[in-house]
Amino acid sequence: MGLAIAHQLARRGEAVQVLSRRRSEAAGFVAAGMLAPHAEGLSGNLLALGQAALARVPHWVAQIEADSGVSCGLRPCGIVVPFTSAAERDAYPTVAWGEALDRTALEREVPGIGCAWQAGLLFAQDGQIDNRRQLMRALERACAGLGVQFQEGAEVLALERTAGGSGTGGALAAVHLRTAEGEEQRLPAQRAVLTCGAWSARLLPELPVFPVKGQMLSLQAPRQALSRVIFGPGTYLVPRSDGLVVVGATSEPQAGFSDGLTPAGQRQLQAGVASLLPEAISWPPMERWWGFRPCTPDEGPLLGDSPIPGLWLACGHHRNGVLLASITAELLSAAVLEPASSPADSIHWLNAFAWTRFRDRAQPSTRQT
Ligand SMILES: Cc1cc2nc3c(=O)[nH]c(=O)nc-3n(C[C@H](O)[C@H](O)[C@H](O)COP(=O)(O)OP(=O)(O)OC[C@H]3O[C@@H](n4cnc5c(N)ncnc54)[C@H](O)[C@@H]3O)c2cc1C
């Protein structure tokens, strides 16, 4: 989110600094890169936001590729969601957006799919982007080319506010940070966007953002072995164009910020691969990694205003942050630069995903007691 927003702001001629504690821990480098509002079975506002983001991806990627000179690895390859029965398929939240597949059609789309899967939905409009190897680097390069300043290894320790009247906190005045060299600094700042992913609540404890750990692995498949993404329950296979298949992912809210792989997590992924595509169990593993999704209680992001005037939020994107980066960058750059004149549909999204939906939700029960 930080890179995507910095890129849009820099395109509009703003001077931007990115303060990043550790780029390698970012979920942006962990994710599978699926662009999957339909395959994920989203609903309500989150589905609509995901669909709006998906529509923006080609133009957004073209901007990044033009500014960086490198490919982002966008593959509109379609995603197949398999089910054990037609009844299960027909009850899927996004069934209306997919092509219904029976077992024969499922085998045609995913040759070699496990025999437990009797039905499927093909979402031809969903796809993937190679976030780990291409998109993130392209964004960094695009930002650098547009003059964005990077402080890698800089941890924001606290947000300083001006003195507010009548007991309220004031506006953003500065951020306090520790540089990569270990020096503590005060950086005056009247405008900032908080994009700390799963760690966002450490700086603003009123934000209901918490980590959901995910473990991943990759396999080297014979080239062209798989053309569609397969999105099974608990496990998915995402084939890159060079034959690397990214396998994800565990979902471990109870793990907190615990580092490392676990035997149980890796076994879950292996079992998922064996069930979805039995032949893939013999493909050699290449890499294993993990990261933290920034989740909120309704699994939707926090976008726009924060409790501190001058500080905006772009966090809590949970399982869909790669997909939602395009629209998040558009909404936040408009909110920061033209707070009073954002277009009507931007205001709609900023209202729907305002952090206050959690504060307001908590209030009635407080009043009753
Ligand atoms: C296993 C897994 C699979 C996923 N698969 C997909 C997928 O297929 N499709 C999809 O759309 N999404 C996917 N996601 C979700 C997506 O990766 C996230 O929603 C998205 O990356 C969140 O972006 P972010 O910028 O908010 O957080 P991050 O990418 O985590 O970046 C946060 C950055 O903030 C920095 N930071 C934190 N605290 C501080 C501080 N105090 N000072 C300075 N810097 C700080 C961190 O070092 C980090 O670099 C997946 C996530 C995981 C973990």
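What you see is a predicted model, and the numbers here were worked out from it, not measured in a lab.

Novice: Lay out helix α7 (residues 263–276) in plain terms, naming residues and giving numbers.
Specialist: Here α7 contains 14 residues, and its C-alpha end-to-end distance of 20 Å stays within 8% of the 20 Å for a straight helix at 1.5 Å per residue. If you check which residues of α7 are buried, you get Gly265, Gln266, Leu269, Gly272, Val273 and Leu276. One side of α7 holds all its buried residues, which, seen down the axis, span an arc of 120 degrees. What points out from α7, more than 90 degrees from its buried face, is the exposed set Pro263 and Arg267.

Novice: Can you explain the site of the ligand? Please cite residues and give values.
Specialist: Lining the immediate surroundings of the ligand are 36 residues, of which Glu25, Ala27, Val156, His318 and Arg319 lie closest. Arg21 places a main-chain nitrogen or oxygen 3.0 Å from a nitrogen atom of the ligand. A distance of 2.8 Å is found between an oxygen atom of the ligand and a backbone nitrogen or oxygen belonging to Ala27. In isolation the ligand offers 1,000 Å² of accessible surface; the protein chains occlude 95% of this area. Of all elements in the fold, only β1 (17–20), β9 (155–161), β13 (210–220), β17 (285–295) and α8 (321–337) reach the threshold of two or more residues within the shell around the ligand. The leading source of residues in the shell around the ligand is β17, at 4 residues. Residues that form the shell around the ligand fall into these classes: 19 nonpolar, 11 polar and 6 charged.

Novice: Please give an account of the confidence of the model for the protein that cites residues and values.
Specialist: Mean pLDDT over the protein stands at 95; residues scoring 70 or higher make up 96%. Segment residues 364–369 is flagged for pLDDT under 50; beyond a separation of four residues in sequence, or across chains, it makes 0 contacts in the model.

Novice: Before we move on, could you go through the packing of aromatic side chains and cite the residues and values that matter?
Specialist: Enumeration according to the criterion identifies 6 aromatic pairs in this entry. Between the aromatic rings of Phe83 and Tyr92, the centroid separation amounts to 5.2 Å while the plane-to-plane angle is 65 degrees, which identifies the pairing as edge-to-face. Across the pair, Tyr92 and Phe83 agree in class, each one buried. Ring geometry for Trp199 versus Phe257: centroids 5.5 Å apart, planes at 15 degrees, classification stacked.

Novice: A description of the side chain of Thr250 should follow, citing residues and the corresponding values.
Specialist: Take Thr250: it is sitting in the loop between β16 (244–248) and α7. Overall, Thr250 belongs to the buried group, its relative accessible area being 1%. Within polar-contact distance, the side chain of Thr250 engages the backbone nitrogen of Gln215 at 2.8 Å. A distance of 2.5 Å separates the side chain of Thr250 from the side chain of Glu252, its partner in a polar contact. Discounting chain neighbours no more than four positions away, the residues touching Thr250 are Lys213, Gly214, Gln215, Gly265, Gln268, Leu269 and Arg293.

What counts, and at which threshold
Residues numbered from 1 in each chain as written. Predicted model: local features only at pLDDT ≥ 70, side-chain atom pairs only at ≥ 80, totals over all residues. Heavy atoms only, no water. Helix = DSSP H or I, 4+ residues; strand = E, 2+ residues; numbered from the N terminus. Expected span 1.5 Å × (residues − 1). Buried < 20%, exposed > 50% of the residue type's maximum accessible area, 1.4 Å probe, protein only. Arc of directions from axis to C-beta. Near = heavy atom within 4 Å. Polar contact = N/O pair within 3.5 Å; in protein donor to acceptor, adjacent residues only side chain to side chain. Areas by Shrake-Rupley, 256 points an atom, 1.4 Å probe, with all protein chains shown as cover. Nonpolar A, V, L, I, M, F, W, Y, C, P; charged D, E, K, R; others polar. pLDDT = per-residue confidence, 0-100. Contact = heavy atoms within 4.5 Å. Phe/Tyr/Trp six-rings, centres within 6.5 Å; stacked < 30°, edge-to-face > 60°.

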